[in-house]
Amino acid sequence: MRILGTGSALPALTVTNDDLAKFLDTSDEWIRTHTGIESRQVITDETLLQLAARAANAALENAGLTSADIDYLLCSTVQADTVTPSLGCVLQAEIGAACPALDINGACAGFLYALDLADALLKAGKAARVLVVCAEGMSRMVDWSDRSTCVLFGDGAGAAVVDGGEGLLATRLTSAGDATFLNMHPSPGNSPFATSHLPMRALYMDGPEIYRFAVSHSVKDLRAVCEAAGVALEYVDHFLLHQANKRIIDAARVRLKQPEEKFPLNVQVRGNTSSASVPILLDEVSRAGRLRPGDILAMSAFGAGLTTGACVLRWTKE
Ligand code: ACO
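Residues numbered from 1 in each chain as written. Predicted model: local features only at pLDDT ≥ 70, side-chain atom pairs only at ≥ 80, totals over all residues. Heavy atoms only, no water.

Per an unreviewed UniProt entry, the chain goes by Beta-ketoacyl-[acyl-carrier-protein] synthase III and derives from Candidatus Pullichristensenella stercorigallinarum. Looking at the chain in UniProt, the text filed under Pathway (unreviewed entry) is "Lipid metabolism; fatty acid biosynthesis." Among the UniProt annotations of the chain, the heading Catalytic activity (unreviewed entry) holds the following wording: "malonyl-[ACP] + acetyl-CoA + H(+) = 3-oxobutanoyl-[ACP] + CO2 + CoA". (UniProt positions renumbered as here; feature names shortened; annotations may be inferred.)

K.L.:
Sorry, what's going on with unusual backbone geometry here?
P.N.:
Trans peptide bonds make up most of the peptide bonds, and negative phi angles are found at most residues other than glycine. A cis amide bond links T84 to the next residue, P85, at an omega of 5°. Its location among the elements puts P85 in the loop between β4 (72-76) and α4 (87-95). A cis geometry characterises the amide bond from G305 onward to L306, with omega recorded as 5°. Looking at the secondary structure, you find L306 in the loop between β12 (296-303) and β13 (307-314). (Helix = DSSP H or I, 4+ residues; strand = E, 2+ residues; numbered from the N terminus.)

K.L.:
Would you take a moment to explain the packing of aromatic side chains for this structure?
P.N.:
In total, this model carries 2 aromatic pairs according to the counting rule given. Between F23 and W144, the ring centres sit 6.4 Å apart and the planes meet at 50°, which makes this aromatic pair tilted. Taken as a pair, F23 in the loop between α1 (17-21) and α2 (28-35) and W144 in the loop between β6 (129-137) and α6 (147-150) lie far apart in primary sequence, 121 residues in all. Aromatic side chains F239 and F263 sit 4.7 Å apart centroid to centroid with 10° between the ring planes, which places their arrangement in the stacked category. Of this pair, F239 sits in strand β11 (residues 238-241) while F263 sits in the loop between α8 (246-256) and α9 (267-270), and the two are 24 residues apart along the sequence. On the basis of relative accessibility, which here comes to 5%, the residue F263 falls in the buried class. (Phe/Tyr/Trp six-rings, centres within 6.5 Å; stacked < 30°, edge-to-face > 60°. Buried < 20%, exposed > 50% of the residue type's maximum accessible area, 1.4 Å probe, protein only.)

K.L.:
Could you clarify how one ought to interpret the sheet that holds strand β8 (residues 168-175) in this entry?
P.N.:
Through backbone hydrogen bonds, the strands of a sheet pair up, either in parallel or in antiparallel fashion. With mixed pairing, 4 strands are arranged side by side in an open sheet as β8-β13-β12-β11. The sheet is open, and its two edges are formed by β8 and β11, each paired on a single side. Going across the sheet, the axis of each strand differs from the next one's by a mean of 10°, ignoring polarity. In this structure, β12 lies alongside β13, joined through 8 bridges in antiparallel fashion. Of the residues in β13, the one forming a bridge with A298 is V312. Helix α5 (residues 110-123) contacts β8, β12 and β13 of the sheet and is inclined by roughly 125° relative to β8. (Pairing = 2+ DSSP bridges. Axes fitted to C-alpha atoms, helices over the stretch in contact; angles between N-to-C directions. Contact = heavy atoms within 4.5 Å.)

K.L.:
Explain the pattern of salt bridges here, please?
P.N.:
In a structure, side chains of opposite charge can pair up when their charged atoms sit close to one another. Applying the stated rule across the entire model yields 14 salt bridges. As a salt-bridge pair, E209 and R212 come within 3.5 Å of each other at their nearest N and O atoms. Here R212 and E209 lie together in helix α7 (residues 207-229), a separation of 3 residues that amounts to about one turn. Accessibility expressed as a relative area gives 28% for E209, which makes it partly exposed. Among the salt bridges present, the one from E284 reaches R270, with a minimum N-O distance of 2.8 Å. Taken together, the residues E284 in helix α10 (residues 277-287) and R270 in helix α9 connect sequence positions 14 residues apart. Residue E284 is classed as partly exposed on the basis of its relative accessible area, which comes to 23%. Note on R270: relative accessible area 16%, which makes it buried. It is possible to trace a salt-bridge network through shared partners that takes in D28, R32 and E38. (Salt bridge = Lys/Arg side-chain N within 4 Å of Asp/Glu carboxyl O.)

K.L.:
Help me understand the nonpolar core in this model?
P.N.:
Soluble globular proteins: nonpolar side chains tend toward being buried together. Counting 36 residues, the largest nonpolar core has F111, V130, L282 and M299 as the members making the most contacts within it. For this core, the secondary-structure elements that each account for two or more residues are β4, α5, β6, β7 (155-163), α10, β12 and β13. Considering each element in turn, this core owes the most residues, 8 residues, to α5. With 30 residues, the next largest nonpolar core counts L51, L65, C75 and A80 among its residues. (Core = buried A, V, L, I, M, F, W, Y, C linked by side-chain atoms within 4.5 Å.)

K.L.:
Where do I start with the pairing of β4 in this structure?
P.N.:
Each regular strand carries side chains that alternate between the two faces of the sheet. Counting buried positions over the 5 residues of β4 gives 5, a clear majority of the element. Residues of β4 alternate between two faces, with Y72, L74 and S76 on one and L73 and C75 on the opposite face, all of them buried. Pairing analysis gives 4 bridges linking β4 to strand β5 (residues 101-104), with the strands arranged parallel. Looking at β5, one finds that L74 is bridged to L102. Once the chain exits β4 it traverses α4 before rejoining the sheet at β5, and the crossover so formed is right-handed. (Right-handed = clockwise from strand over helix to strand, strands pointing away.)

K.L.:
Please explain the sheet that holds strand β1 (residues 2-9) as it appears in this structure.
P.N.:
A sheet is described by the order of its strands in space; here 5 strands give the open sequence β1-β7-β6-β4-β5, paired in mixed fashion. On the outer flanks of this sheet lie β1 and β5, each paired with one strand and no other. Each neighbouring strand pair of the sheet contributes to a mean axis angle of 20°, computed without reference to strand direction. Sheet topology places β1 next to β7; 7 bridges connect them, and they run antiparallel. Note on β7: the bridge partner recorded for A9 is A157. Relative to the sheet, helix α3 (residues 48-63) contacts β1, β6 and β7, its axis offset from that of β1 by approximately 140°. Running at roughly 165° to β6, α5 makes contact with β4, β5, β6 and β7 of the sheet.

Structure, rendered in structure tokens:
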């Protein structure tokens, strides 16, 4: 599998830390020093479908393709505009594709899960080109009176078009069913037959527990996936990590003993956009001209589930 093109899309509204401090007991100083985040984009009247379609069309254009060239559409989202139909299905119609489409929920590791599924579809001969779109509206999931979570997140979409050419060297996915430290409960419904209900709850996160999990698993995954790819860490040109918190990325970098310039960042201006985080970063570094053909990329993400995903690939795009 190789990446042919990337795209991304963000809501129009940028919310700074000072904007948040107007209604929360927080400060620009606290948020910057604890997370590295300065601002993030937040949905106002946009739909997730609109963001997903903009990212998808940008990736297709970047690849020199149209939606008619796509024969499978994989969407990663924690919470689409509608519970049903899936975001993938409505996106397929929106961009004029005529192919199977579905959503997956791998939380923040969703892009790595979707790439792995795309690789399997390509290898099985079920598709020749797959469009992967990750779109997340975290601002709809957090409790905006909970300063320990709402300051961390942003909204956005990232996309990649892939085919079966040579590029992907190794993938590693993990999942461990544990909702203790990171979860969200939907509306319980009103079935007259249900004898117990989980109460509805906005996104809950035990930050310090997730911090420890994120650093240790990201380091473990990156070491394992590089070993599986036969690539020494020194030969990785770019480490694209889930942009959850600059301190997590710095801690992983220090443990891996790699230089700062190999770890591009956009968490300062995007916040944590869940599964859209890695593809948005990939699109931004690609469009900034930082990726050369032959470069080795290592990606890593972690999130609710708990899930983790990592891959190593050779960048082939001119
Ligand atoms: N402003 C001011 N003070 C705050 C804020 C805020 N926004 N949020 C928390 N605090 C306070 C706490 O109440 C606490 O006060 P106390 O000591 O009086 O009780 C103090 O700051 C320290 O809180 P901690 O939670 O210990 O702060 P920490 O340094 O661990 O940073 C953070 C918190 C940023 C959430 C960090 O733990 C983290 O990044 N964790 C990982 C989160 C993550 O990576 N999530 C992504 C994966 S999952 C996903 O993407 C959905």
